[in-house]
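Below are the chains, spelled out letter by letter.
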Amino acid sequence: MFNLILFGPPGSGKGTQSERLIAKYGLKHLSTGDLLRSEIAGQTPLGLAAKSFMDKGQLVPDEVVIEMISSALDNNPQARGFLFDGFPRTTAQAESLDKLLNQKNTEIAVVLALQVSKQELIKRLLNRGLTSGRTDDINEEVIGARIEEYERKTSAVAEHYQKYGKVLYIKGEGTIDKIFDALCKEIDEKQLA
Ligand code: B4P
């Protein structure tokens, strides 16, 4: 199995690049943001609880997302690998993911971390808010809160995987094609190694 984490702040291009990467490498895409939005759309109790956090730009509690990922892993026994997008977002989530993968005799091969300036992140998210209908993309205060949550809680995830030498940094500004090529180059090198 080949499992990778696409890592970066909100608006760094994780969702955008994930779509292309799963098509090229045949990985199963697990986006906690998408999973949560589909719970909200289905008006499930989990979705209703998550919405109150997401609308404020806060992270959803760890137990909720860890349980969601655990079921997604169990529901995809045939996957040749997973692309984790927007997960893990806290050190506790990273530790749980490591345990879950370990139980399946596999592990994270690489963490690809997209680097984008704060100014560019805000510009992209406000721009997406014009058409996405996402309540968390419309308000600059909420976008600011998401970036703050990233700096306070999520950036530590890179440090967690850095201990195992698994993090590679990629410039996340430029054309989508160029960034995609840079990501593919790193994946191809890892797969050959
Ligand atoms: P996510 O759905 O993960 O949303 P995101 O971080 O905003 O999106 P992403 O980074 O994928 O967007 P992209 O750059 O592709 O999370 C939403 C919320 O869910 C969180 O705030 C949190 O509340 C909750 N949540 C999710 N996972 C959680 C977890 N594990 N634990 C707790 N809570 C969790 O796209 C941004 C825009 O940039 C797009 O419009 C795109 O077209 C554009 N873009 C992309 N690349 C570009 C480029 N190179 N140049 C110009 N524009 C570009």
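Everything in this summary refers to the structure shown in the same document. (Residues numbered from 1 in each chain as written. Predicted model: local features only at pLDDT ≥ 70, side-chain atom pairs only at ≥ 80, totals over all residues. Heavy atoms only, no water.)

## Comments concerning the nonpolar core
For step 1, the next point in the chain: In this structure, Phe84, Leu97 and Tyr161 are the most contacted members of the largest nonpolar core, which totals 28 residues.
For step 2, the next point in the chain: Looking at this core, the elements that each hand over two or more residues are strand E1 (3-7), helix H3 (45-54), helix H4 (62-74), strand E3 (82-85), helix H5 (91-103), strand E4 (108-115) and helix H8 (140-162).
For step 3, the next point in the chain: For this core, the element with the most residues is H4, which contributes five residues.
For step 4, the next point in the chain: Each residue touching Leu97, except ones within four places of it in the same chain, is listed here: Ile5, Ile69, Phe84, Phe87, Pro88, Ile108 and Tyr161.
For step 5, the next point in the chain: Counting residues in hydrophobic clusters, the runner-up holds 16 residues, among them Leu112, Leu114, Leu183 and Ile187. (Core = buried A, V, L, I, M, F, W, Y, C linked by side-chain atoms within 4.5 Å. Buried < 20%, exposed > 50% of the residue type's maximum accessible area, 1.4 Å probe, protein only. Helix = DSSP H or I, 4+ residues; strand = E, 2+ residues; numbered from the N terminus. Contact = heavy atoms within 4.5 Å.)

## Observations regarding the site of the ligand
For step 1, the next point in the chain: Contacts to the ligand come from 29 residues, most closely from Gly13, Gly15, Thr32, Gln58 and Arg146.
For step 2, the next point in the chain: Contacts to the ligand include Arg37, whose side-chain N or O atom sits 2.9 Å from an oxygen atom.
For step 3, the next point in the chain: Here Arg89 contributes a side-chain N or O atom positioned 3.0 Å from a nitrogen atom of the ligand.
For step 4, the next point in the chain: Calculation on the ligand without its partners gives an accessible area of 1000 Å², and the protein chains cover 88% of this total.
For step 5, the next point in the chain: Looking at the shell around the ligand, the elements with two or more residues in it are helix H1 (14-25), helix H2 (32-41), helix H6 (118-132) and helix H9 (176-192). (Near = heavy atom within 4 Å. Polar contact = N/O pair within 3.5 Å; in protein donor to acceptor, adjacent residues only side chain to side chain. Areas by Shrake-Rupley, 256 points an atom, 1.4 Å probe, with all protein chains shown as cover.)

## Description of the packing of aromatic side chains
What describes a pair of aromatic rings is the distance from one ring centre to the other and the angle between the planes of the rings.
For step 1, the next point in the chain: Going through the model one piece at a time under the given rule, you end up with three aromatic pairs.
For step 2, the next point in the chain: Ring centres of Phe7 and Tyr150 lie 5.9 Å apart, and the angle between their planes is 45 degrees; on these two criteria the pair is classed as tilted. With Phe7 in strand E1 and Tyr150 in helix H8, this pair connects stretches of sequence that are 143 residues apart.
For step 3, the next point in the chain: On the accessibility criterion, Phe7 (4% relative accessible area) is buried.
For step 4, the next point in the chain: Tyr150 sits in the buried class, given a relative accessible area of 16%. (Phe/Tyr/Trp six-rings, centres within 6.5 Å; stacked < 30°, edge-to-face > 60°.)

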